[in-house]
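Here is how the chains run, residue by residue.
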Amino acid sequence: YWDIVRRRWKLIVGCFLLGIIIAVGITFLMPRKYTATASGFVSVPAATQDDTNVSNAYNSDAFAKSRAQSYVKLAESTDIATEVGKRLGSGADADSLLNRIEVTAPTNTVTLQVTGTDSTPAKAARLTNTWISVLASEIHKVETAWKTSNSSKTVPVTTLDVYQRATAPEAPSSPNLKLNLALGALLGLAVGFGLAVALTVFDRRIHTTATITDNMS
């Protein structure tokens, strides 16, 4: 293979550079996307637990963690998306908004993270902050209704407290120029080497006197 590289190095280098050029072109033609993240934690208000009881405190923490997992589905519901669309006033339908949102609850934590993607930094931050605000309101409404049906008190069983609001990102999250350049370079090298091998295999011309000698012997 080294002999192939030596004889066809111009072709391989040309394909390598062409792959990089194509990657740069595609990257600059792709629309910019910006991503912002907001976080909140699920807590059990003091009015619903006995802070002097260690067992109750542990149970409350475990309950909050399980609630955080269940709130992911709520956060990704059509009702939440519809309300967000109303507050944003953008005219976007629920499905398109849901495609721009990701909600996660890291395992064994009481944290909820909402990540929003949009065409500008300001829009990404606004979408994310609106989403987590609507989610917090909906959680309060749902939990209050549950508490009311099970007790004379109307204190929510759990609440979502936003501790980190989204800020406008400084750089786009997509496209990734470095990744595209690496992929373009690798693809260019692969194509160049493949062409070099194919041309060598199917090349029946005699290039050296040694070849003539071998054929005559």
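This is a predicted model, so every value here is computed, not measured. (Residues numbered from 1 in each chain as written. Predicted model: local features only at pLDDT ≥ 70, side-chain atom pairs only at ≥ 80, totals over all residues. Heavy atoms only, no water.)

### Some words on the packing of helix α2 (residues 9-29) against helix α7 (residues 177-202)
Part 1 of the argument: Axis separation between α2 and α7 bottoms out at 7 Å; the angle between their running directions is 150 degrees. Looking at the two axes, α2 sits roughly antiparallel to α7. At the point where α2 passes α7, the crossing takes the right-handed sense.
Part 2 of the argument: Considered class by class, the residues forming the contact of α2 with α7 number 16 nonpolar, six polar and no charged. (Axes fitted to C-alpha atoms, helices over the stretch in contact; angles between N-to-C directions. Helix = DSSP H or I, 4+ residues; strand = E, 2+ residues; numbered from the N terminus. Parallel < 35°, antiparallel > 145°, perpendicular 65-115°, else oblique. Left-handed = near helix turned anticlockwise from the far one by under 90°. Nonpolar A, V, L, I, M, F, W, Y, C, P; charged D, E, K, R; others polar.)

### Remarks on the nonpolar core
Part 1 of the argument: Counting residues in hydrophobic clusters, the biggest one holds 33 residues, and the most contacted among them are V42, V84, V103, L112, L127, W131 and L160.
Part 2 of the argument: Those elements that place two or more of their residues in this core are β1 (34-43), α3 (54-75), α4 (78-88), α5 (94-98), β2 (101-104), β3 (111-118) and α6 (121-150).
Part 3 of the argument: Of all the elements, α6 adds the most residues to this core, at nine residues.
Part 4 of the argument: Contacts of V103, omitting those with residues within four sequence positions, involve V72, A75, E76, L112, Q113, V114 and W131. (Core = buried A, V, L, I, M, F, W, Y, C linked by side-chain atoms within 4.5 Å. Buried < 20%, exposed > 50% of the residue type's maximum accessible area, 1.4 Å probe, protein only. Contact = heavy atoms within 4.5 Å.)

### Section: the pattern of salt bridges
Part 1 of the argument: A complete count under the given rule lists four salt bridges for this structure.
Part 2 of the argument: Between R67 and E143 there is a salt bridge, with its nearest N and O atoms 3.0 Å apart. Linking R67 in helix α3 with E143 in helix α6, this pair joins segments that are 76 residues apart in sequence.
Part 3 of the argument: Assessed through its relative accessible area of 23%, R67 is described here as partly exposed.
Part 4 of the argument: You can call E143 buried: its relative accessible area is 1%.
Part 5 of the argument: Note that E83 and R87 form a salt bridge whose closest N and O atoms lie 3.3 Å from each other. (Salt bridge = Lys/Arg side-chain N within 4 Å of Asp/Glu carboxyl O.)

### Here's the deal with the side chain of T111
Part 1 of the argument: In this structure, T111 sits in strand β3.
Part 2 of the argument: When its relative accessible area of 17% is taken as the criterion, T111 is described as buried.

### Side note on the sheet that holds β3
Part 1 of the argument: In space, the four strands of this open sheet follow the order β2-β3-β1-β4, with antiparallel pairing throughout. The open sheet has two edge strands with one neighbour each: β2 and β4 (159-164). The average angle at which neighbouring strand axes cross in this sheet is 25 degrees, direction not considered. (Pairing = 2+ DSSP bridges.)

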